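A look at the structure
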Amino acid sequence: MKKVQNIIIILFVAIGLASCKKDFLDVKKIPADMTTDLMYKRYDYIQGVVWNAYSYLPDGFGWADMEAASDDAYHTNVNNRSHTFNYGVWNQFNNPDGVWSGCFNGIYQANLYLKNKGAVDLSSIANGIVNNDSTTYKRSVSNLAFMEGECYFIKAFLYFELVKRYAGVPIIDQPLDYNQPATWQGLKRNSVDEVFKYIVALCDKAAVIIPDSVRTSSATSWYESGRATYAAIKALKARTLLYAASPLFKEAGSSYTWADAAAAARDVIALNVFNLDASYANLFGASAATSVESIFFKRYTAQNGFEKNNFPIMFEGSNGNSITPSGNFVDEFEVKTGTTSVPFDWNNPAFAANPYANRDPRLAATVIYNGATFKSNVIQTYFGGNSGQPKLNSTKTGYYLSKYTNQTVDLINNTTATHQWIYFRYAEVLLNYAEAMYNAYGANADPLNYGMTALVALNRVRTRSTMPSLTTMSQDAIIHERRVELGFEGHRWWDVRRWKKGEVLGTPVRSISITLNGSNFVYTPTKLE
C-alpha cells in the first residue's frame, strides 16, 4: 500500500531536484570579464537570459518516474525516489518532488530580463542597415518585446508549479537571487488567492504582448518553434483556473469559480486552431511537435535514455529502470461491447480469460501487456516469459510502458530518436472545459452560448479513440476520462490531490500474475504493495 501522508499544503521550503537543464536554443557564452551592465546592453547576450529562464520549465521526462508515486504505476528500481513517497519517509528536507529552488531560480532569470530590457542597445544593429533593409533591426525590436511576454509566461508557469505544490508562496517581481538568501529572507508568503490572481495577471499581460498573429504572420516566421505562443499562454491560464476552482484550493482561499475555469478553457477552444489528432499514439512519438493537437511542448535532443529504462527486459540494452503501469491503471480501461462500453471486471469470466481483448484502444497505445507486439516481438510477461519474472529487473506489475517509448530505437547499436514532452494539448483543454462546465452548469447546459456542453466536450475526447459516446455524465466519468486519456503525462497525482481524493493513493497497488497452463494463460490479480 502506498503510505501517503495527509494531502496538505506544504509550508516548508523544499530542496530543488537536481536535473540536467538544457537551453532550448543555443546560448552564446558570456565572457568571464564582461561586466553585468555591459552584458545587459548586448542584444545577443541578453537573449541568453531568456533562454536560460526557459530551461527551468518542468522537465517532463525527468519527472516521469514520479508517476510511480501515484496509484497508476510502480517503479521497478527499489531505490527510485518515488518509493520515498510510497514508504512515507519524505519530509521538507528530503522531498523527491521539491521544485522550490528551481522555480525561484527560473523566476530570478525572468525578472533579470524584465528589469534590464530597457537597457539593451540596438544601435550596432541599426548602424548595420544596408540598402535601407531594416529587416534585422525590426526583428530585433520585435524580439525584445516578445521576450518580455515570454518572461511573463515563464514566471506564470513556474508560479503555477509552486502554488500547486506549496499553496501560498512569495510573489517576487524583482531579480532576487535565490542563491543569495540575504536578498530574499524574510519575504512573506502571499495567499493562495493572491498567487492565483498573480498567475492570471501574468498570463493576461503575456497574451497582449504575444498575439496569435505571431503564429500565422510571415513577418514573424523567425519566431522559433518551442517558444511561448498565445495559445500556450491561454492554455496555462485555463489549467491554472481549473486548479484554482478545485476543492483543495477553494478551501485554501481561492476566489475563482468553475465558471471562470470554463471561460478560460473556452478561450483556447474558440481559437479554432487545434484539433484532436486522428491517431492517439502519434502524440507521443517523434512527430508529436507537429501534431494538430500539440499546443506547447519541450524539445529534447536525440537520445535513448527513456528507451533504455523502459523497453521490456527482453531487449538487450534495456536496464530495467522502468516505470511500470499498475494493475489499477490497466483495469481502468473499459471494454467495448458493440456500440457501448462497460467497465473491466476480473469477476467476469470472459474478461478474465482474455483480459486485453476489445479494450479501449488507448490501453494498447499506453501499456505493453502480455501478448502485445512491440518492436516486431511478442512480449511475454507471464512467469518464465521473455520479459516476465523471475528475470532480473523485469516488471513486477506484469506491464511495461509503451507511451513515449520510440520503437525505432536500437539499443544494441545505441541509436537515438528525438523526443518532445507536450505540456499542453487540445484533449486536455477539452477535458478541462468538460470538468469546469459540468461543475458550473451541469452536463448538458450551455447558458453562455459557448457552443459546447460538458458532455459534448467529454465525448469528443472519447470518440477520437473510437470509444462510444456517453449519454450521461458524472464526476466519476470525468475522473475516469482524465485518467485513461492523460495517463503518464503528469496529471494523475495532482488531479487526485486537487479533488481531495487522496485516499485512493492509499489503496493497494495491484499487479497481474500470469502463468502458462498448457496453451492457456491464467491471470490472477495480485496485491503488489
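Placed above this text is the structure.
Described below are features of the structure shown in this document. (Residues numbered from 1 in each chain as written. Predicted model: local features only at pLDDT ≥ 70, side-chain atom pairs only at ≥ 80, totals over all residues. Heavy atoms only, no water.)

A short note on the overall build of the chain
Applied cut-off: The helix and strand labels rest on DSSP assignments: H or I over at least four residues marks a helix, E over at least two residues marks a strand, and numbering proceeds from the N terminus. Contacts were defined at the residue level, with two residues in contact if any of their heavy atoms lie within 4.5 Å. All accessibility values rest on the Shrake-Rupley procedure with a 1.4 Å probe; residue burial counts only the protein chains present in the view. Neither His nor the chain termini are counted; the positive set is Lys and Arg, and the negative set is Asp and Glu. Where a charge lies is defined by one atom per residue type: Lys uses NZ, Arg uses CZ, Asp uses CG and Glu uses CD.
Of the regular secondary structure elements, the chain holds 20 helices and 12 strands. Overall, the chain is about 80 × 60 × 50 Å in size when its C-alpha atoms are taken along their principal axes. Taking as baseline every contact in the chain between residues at least 6 positions apart, the subset at least 24 positions apart corresponds to 71%. As presented, the chain carries roughly 21800 Å² of accessible surface, and 51% of it is formed by carbon and sulfur atoms. In the chain, which carries 50 positive and 46 negative side-chain charges, the distance between the mean positions of the two groups comes to 1 Å.

Section: helix H8 (residues 192-209)
For clarity, the threshold we go by: Here, expected helix span is obtained from the residue count minus one, scaled by 1.5 Å. When a residue's accessible area, from a 1.4 Å probe over protein chains only, is under 20% of the maximum for its type it is buried; when over 50% it is exposed; and in between it is partly exposed.
Here H8 spans 26 Å end to end across 18 residues, near enough to the 26 Å set by a 1.5 Å rise per residue. For H8, every residue scored as buried is listed here: Val192, Asp193, Val195, Phe196, Tyr198, Ile199, Val200, Leu202, Cys203, Ala206 and Ala207.

Observations concerning the pattern of salt bridges
Stated precisely, the cut-off is as follows: By definition, a salt bridge exists where a carboxyl oxygen of Asp or Glu is found within 4 Å of a side-chain nitrogen of Lys or Arg.
For the coordinates displayed, the defined rule picks out 33 salt bridges. Notably, a salt bridge pairs glutamate 489 with lysine 403, separated by 2.7 Å at the nearest N-O pair. Taken together, the residues span a long stretch of sequence, with glutamate 489 in the loop between helix H19 (475-485) and helix H20 (492-498) and lysine 403 in the loop between strand S9 (400-401) and strand S10 (417-425) at a distance of 86 residues. Accessibility assignment for this pair places glutamate 489 and lysine 403 in one class, buried. Across the salt bridge formed by aspartate 495 and arginine 498, the nearest N and O atoms sit 3.0 Å from each other. Here arginine 498 and aspartate 495 lie together in helix H20, a separation of three residues that amounts to about one turn. Under the relative-accessibility criterion, arginine 498 is labelled buried at 1%. Connected through salt bridges with shared partners, the residues Glu293, Glu334, Asp360, Arg362, Lys403, Arg425, Arg462, Arg464, Glu481, Glu485 and Glu489 form a single ionic network.

Structural notes on the state of the cysteines
Convention followed: Disulfides are defined as pairs of cysteine sulfur atoms found within 2.5 Å of each other.
With the rule as written, the count across this model stands at zero disulfides. The closest cysteine sulfur to the non-disulfide-bonded cysteine 103 is located on cysteine 203, 15 Å from its own sulfur. Judged by relative accessible area, which is 5%, cysteine 103 ranks as buried. Not engaged in a disulfide, the cysteine cysteine 203 finds its nearest cysteine sulfur in cysteine 151; these two sulfurs lie 14 Å apart. Classification of cysteine 203 by relative accessible area gives buried; the value is 1%.

So, the pairing of strand S11 (residues 510-517)
Cut-off, in case you're wondering: We treat two strands as partners when DSSP finds at least two bridges between them.
Pairing of S11 with strand S12 (residues 520-527), which is carried by eight bridges, proceeds in the antiparallel orientation. From the neighbouring strand, isoleucine 512 faces S12, where its bridge partner is proline 525. Between S11 and S12, which pair antiparallel one after the other, the connecting turn spans two residues, and glycine 518 there sits at a positive phi close to 70°.

A short note on unusual backbone geometry
Put simply, glutamine 389 and proline 390 share a cis peptide bond, and its omega is 5°. Along the chain, the position of proline 390 falls in the loop between strand S8 (377-378) and S9. The phi dihedral of lysine 375 falls on the positive side, at around 55°, and the residue is not glycine. Within the secondary structure, lysine 375 is located in the loop between strand S7 (373-374) and S8. Overall, lysine 375 belongs to the partly exposed group, its relative accessible area being 22%.

Points about the side chain of aspartate 446
Convention followed: The term polar contact refers here to a pair of N or O atoms within 3.5 Å; inside protein, the definition further demands a hydrogen-donor-capable atom paired with an acceptor-capable atom, and it admits residues adjacent in sequence only when both atoms are side-chain atoms.
In this structure, aspartate 446 sits in the loop between helix H17 (426-441) and helix H18 (454-464). The buried charged residue aspartate 446 lacks any salt bridge, with arginine 266 as its nearest oppositely charged partner at 7.4 Å. In terms of polar contacts, aspartate 446 uses its side chain to reach the backbone amide nitrogen of tyrosine 450, at 2.8 Å. Residues contacting aspartate 446, with those up to four places away along its chain left out, are Tyr433, Met437, Gly451, Met452 and Thr453.

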